[in-house]
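# An overview of the molecular structure
Given next are the chains, with one letter for each unit.
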Amino acid sequence: MRLFLDVLIFLLLAPVLFLFAYQRGFLDPYVPDDAIPADPFIRAELAQATSGSDLSRRIDKALDAGNFDDATMYADIADYMGAAIESGTAARLAREKTLSSTVVRNTGSFFEGFLTGEGGDTASFMGAITSDLTVVGDVRDIGSEGTKLINGEEYSQLVLGLSVVGLAATTATVATGGGALPARIGVSIIKVSKKAGALTIRFARDLTRMLGEAVNFERLGRTLKEVNLADSAATRHAIADYANGISMARLAPVFKDVAALEKRVGPAETVRLLKYVENGDDLAHITKMSGKLGTKTRGIVELTGKTCLRAFKTVANLILWAAGWAWAFIAALGAAFLGSLRRRYRRRKTA
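Residues numbered from 1 in each chain as written. Predicted model: local features only at pLDDT ≥ 70, side-chain atom pairs only at ≥ 80, totals over all residues. Heavy atoms only, no water.

## What about the nonpolar core?
- Counting residues in each nonpolar core, the largest one holds 52 residues, and the members touching the most others are V164, L207 and L220.
- Ranked by the residues each element gives to this core, the list is headed by helix 9 (residues 157-175), at seven residues.
- Dropping the residues within four chain positions of it, L207 is found in contact with L158, I190, L199, L251 and V254.
- Counting 25 residues, the second largest nonpolar core, distinct from the first, contains L55, L63, M289 and V301. (Core = buried A, V, L, I, M, F, W, Y, C linked by side-chain atoms within 4.5 Å. Buried < 20%, exposed > 50% of the residue type's maximum accessible area, 1.4 Å probe, protein only. Helix = DSSP H or I, 4+ residues; strand = E, 2+ residues; numbered from the N terminus. Contact = heavy atoms within 4.5 Å.)

And the structure:
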């Protein structure tokens with residue numbers, strides 16, 4: 001019996017001690033982040049935070065507001081949890097997914113994003129990014145913000161700097177046969193996020209500082225004064241020459257993570273997820289999390305308040321996850337113990 005109690009205590013304490021050390025990084029050299037499966041912990045958190053009826057309400061609210069992306073996201077979370085949404089909500093969502101509804105919803109949004117560089121849904125964000133990838137957006141923003149710069153007016157150093165870097169990235173993309181495309185996409189996503197008000201103050205400040213190191217804005221102002229900014233071709237040519245001397249060494253990792261996030265969840269979700277990013281580490285955590293959760297990432301962050309996979313692996317969740325295995329093992333030990341007692345009893349009876 002003493003052995004049984006010792007094993008029981010060990011089974012209960014070992015996971016707690018292990019995860020305590022894991023959460024504080026003591027085991028980082030020995031235990032990779034993906035050594036412990038995250039899904040059971042995430043589902044445990046979601047079960048405490050929401051339900052099928054709650055998600056149905058969120059889907060209906062999103063559809064009422066015309067936020068089809070949000071409605072789809074909540075439906076995906078319900079499926080991930082194994083929670084059933086209400087039949088009326090499911091039917092309504094299915095109607096919104098029809099081809100005709102999708103075409104009507106997306107066409108106007110795409111062109112709005114292409115022309116203004118701004119948006120609020122997947123189609124408009126795609127339009128804004130497309131305008132940048134064709135350098136139309138960068139030239140447009142250089143003309144707008146550059147005019148303010150040379151006139152001594154308040155301008156967005158972040159938007160202007162990103163537009164200049166974007167042209168440099170476009171040139172590099174062509175020169176490398178597409179090798180610099182992730183940087184090009186990352187620049188566009190961040191610029192669209194800035195215009196959408198999705199960047200945190202701290203992250204925007206850090207990006208602006210790095211851009212200030214990469215782009216000499218005083219010299220840029222002198223270059224812009226010599227150009228007719230109403231002439232798109234002349235602006236593009238002048239800035240392309242200027243951008244050749246820009247170093248993106250410090251910015252490249254940020255652009256790479258943003259591009260990786262965009263590849264996993266799409267442009268609109270990337271923009272929306274950036275509101276949870278305060279620094280490069282946050283961006284790396286959310287990018288990694290998106291590799292596991294895809295387009296459900298933002299909804300799960302919103303519902304649970306957790307922005308990295310490790311944060312889900314709490315002691316409480318570990319106990320819940322391990323309880324089934326632990327008690328199964330305990331039951332096996334108990335069965336073995338009872339079996340041993342029966343064998344002893346039989347031997348004594350036959351002796």
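## Let's talk about the side chain of D206
- Relative to the helices and strands, D206 resides in helix 11 (residues 201-214).
- A polar side-chain atom of D206 sits 3.1 Å from a polar atom in the side chain of R209. (Polar contact = N/O pair within 3.5 Å; in protein donor to acceptor, adjacent residues only side chain to side chain.)

## As for the packing of helix 2 (residues 39-49) against helix 4 (residues 68-81)
- For the pair helix 2 and helix 4, interaxial distance at closest approach is 10 Å and the crossing angle is 115°. In terms of axis orientation, helix 2 runs roughly perpendicular to helix 4. Helix 4 is crossed by helix 2, and the crossing has left-handed handedness. Contact residues: D39, I42, R43, L46 and A47 in helix 2; I77, Y80 and M81 in helix 4.
- Classifying every residue of the contact of helix 2 with helix 4 by side-chain character gives six nonpolar, no polar and two charged. (Axes fitted to C-alpha atoms, helices over the stretch in contact; angles between N-to-C directions. Parallel < 35°, antiparallel > 145°, perpendicular 65-115°, else oblique. Left-handed = near helix turned anticlockwise from the far one by under 90°. Nonpolar A, V, L, I, M, F, W, Y, C, P; charged D, E, K, R; others polar.)

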